[in-house]
Amino acid sequence: MVLNHLMVIDGGFATQLTVHVGHSVDGDPLWSARFNSTNPSAIIKTHLDFLQAGADAIITNTYQASVEGFMEHLDLDEEQSVELIKSTVRLAHLARNKFLAEAPQVPKELPWILGSIGPYGAHLHDGSEYTGEYADTVDAEVIKKWHRVRIEAVLEAGVDGLAIETIPCRMEAEALVEIMTDEYPDVKYWLAFQCKDDQSIAHGENFAETCQAIWTKAKESSNILAIGTNCVNPRIVSPLFKAVNSGYPEAQKIPLVVYPNSGETYTVKDGWTGKEDCQPLENYAGEWISLGAKIIGGCCRTYARDIQRIKKFVENL
């Protein structure tokens, strides 16, 4: 599967959601996924914000959605938890249908709906999705079993592909690629890593070596769209991408996906700080594209207005 055009995706869902719910969702063990149950209309409105900003694809609000999380924090049973994941996908469909009804000039093949598949560590609510430390204690088969439930749910509800995102360790990435290659060879997806610096993914493995190895394995089934990084400071993206693709002719470059944070820094004590030091993401986009980026958007602390600016930059290329 080859993307024949540059795709602009949505931004930070939980960030844009605050426009409609009036307060930050940081610190909630379910994060924005709680609102799938308590305020579904806000979920639809948030998707619409990104579509109206020009996003070619929206990502379902299922990053932090898990059977275990919903059972513990929403008092649902297993069947109800799976159904909530499915209904969350349907909210994205409602948003897309409303958008298309009002914007019939959009190409028929767009916009896509991608099912968010976040890392195993996200449901633990202990910060381990930013370290990948569970790779040292949790077996790959346990990881696979946990992911299958969520992958099945979003696929059954109907998506155009999967956004496998914020993966902090090579072991989990390899487990997920095995699932997609062996069990879902017709489902399009991308794989985006969480990185701790401009050389390494969160668990410490070298980013470029990991991407090359994962890509070699994943392209056997030809359903992978891109590999890259998300939820990172935009300043570290270019060094990461240069290590992957510099020196390769265009035809041999790995197609890359990137949707970083705004550049602000988060701590539990102070929240988000450093906004005054951030550059707009569109300032970075040209270099990322030259390094092989095919899919660009935003993550934490990026709003629909940021996606609108990225879209305008891409259209003016």
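Refer to the structure above for everything that follows.
What comes next is a walk through the structure. (Residues numbered from 1 in each chain as written. Predicted model: local features only at pLDDT ≥ 70, side-chain atom pairs only at ≥ 80, totals over all residues. Heavy atoms only, no water.)

Quick word on the packing of helix H5 (residues 78-102) against helix H6 (residues 140-157)
Then comes step 1: It is the contact of H5 with H6, at a shortest axis distance of 8 Å, that shows an interaxial angle of 40°. Judged by the inter-axis angle, H5 sits oblique to H6. Considering the relative orientation of H5 and H6, their crossing is right-handed. Facing H5, whose interface residues are Val 82, Ile 85, Lys 86, Val 89 and His 93, H6 presents Val 149, Arg 150, Ala 153, Val 154, Glu 156 and Ala 157.
Then comes step 2: Residue composition of the contact of H5 with H6, grouped by class: seven nonpolar, one polar and three charged. (Axes fitted to C-alpha atoms, helices over the stretch in contact; angles between N-to-C directions. Helix = DSSP H or I, 4+ residues; strand = E, 2+ residues; numbered from the N terminus. Parallel < 35°, antiparallel > 145°, perpendicular 65-115°, else oblique. Left-handed = near helix turned anticlockwise from the far one by under 90°. Contact = heavy atoms within 4.5 Å. Nonpolar A, V, L, I, M, F, W, Y, C, P; charged D, E, K, R; others polar.)

A word on helix H10 (residues 282-290)
Then comes step 1: The complete set of buried residues in H10 reads Glu 282, Tyr 284, Ala 285 and Trp 288. Here the buried residues of H10 occupy an arc of 130° about the axis, which is enough to place them on one side.
Then comes step 2: Those residues of H10 hidden inside the fold are in contact with helix H9 (237-245), strand S7 (256-259), strand S10 (293-296) and helix H11 (304-315).
Then comes step 3: Note on H10: the residue one or two positions beyond its end, Gly 292, has a positive phi of about 120°. (Buried < 20%, exposed > 50% of the residue type's maximum accessible area, 1.4 Å probe, protein only. Arc of directions from axis to C-beta.)

Looking at the side chain of Asn 261
Then comes step 1: Relative to the assigned elements, Asn 261 resides in the loop between S7 and strand S8 (265-267).
Then comes step 2: In this structure Asn 261 comes out as buried when scored by relative accessible area, which is 8%.
Then comes step 3: The residues contacting Asn 261, other than those within four sequence positions of it, are Cys 231, Val 232, Pro 234, Trp 272, Leu 281, Cys 299, Cys 300 and Thr 302.

A look at unusual backbone geometry
Then comes step 1: Of note, His 125 is a non-glycine position whose phi angle comes to about 55°, a positive value.
Then comes step 2: We note that Arg 301 has phi near 70°; this positive angle belongs to a residue other than glycine.
Then comes step 3: Along the chain, Arg 301 turns up in the loop between S10 and H11.
Then comes step 4: Given a relative accessible area of 24%, Arg 301 falls into the partly exposed group.

Considerations on the packing of aromatic side chains
Then comes step 1: Going through the model one piece at a time under the given rule, you end up with six aromatic pairs.
Then comes step 2: Considering the side-chain rings of Tyr 120 and Trp 146, the 5.4 Å spacing of their centres and the 75° angle between planes classify their relative orientation as edge-to-face. With a gap of 26 residues between them, Tyr 120 in the loop between strand S3 (112-117) and H6 and Trp 146 in helix H6 connect regions that are remote in the sequence.
Then comes step 3: Residue classification places Trp 146 among the buried residues on the basis of a relative accessible area of 8%.
Then comes step 4: Members of the aromatic cluster, each reached through a chain of ring pairs, are Tyr 120, Tyr 134 and Trp 146.
Then comes step 5: Its guanidinium or amino end placed over the ring of Tyr 303, Arg 305 lies 4.3 Å from that ring's centre, counting from NZ or CZ. (Phe/Tyr/Trp six-rings, centres within 6.5 Å; stacked < 30°, edge-to-face > 60°. Lys NZ or Arg CZ within 6 Å of the ring centre and 35° of its normal.)

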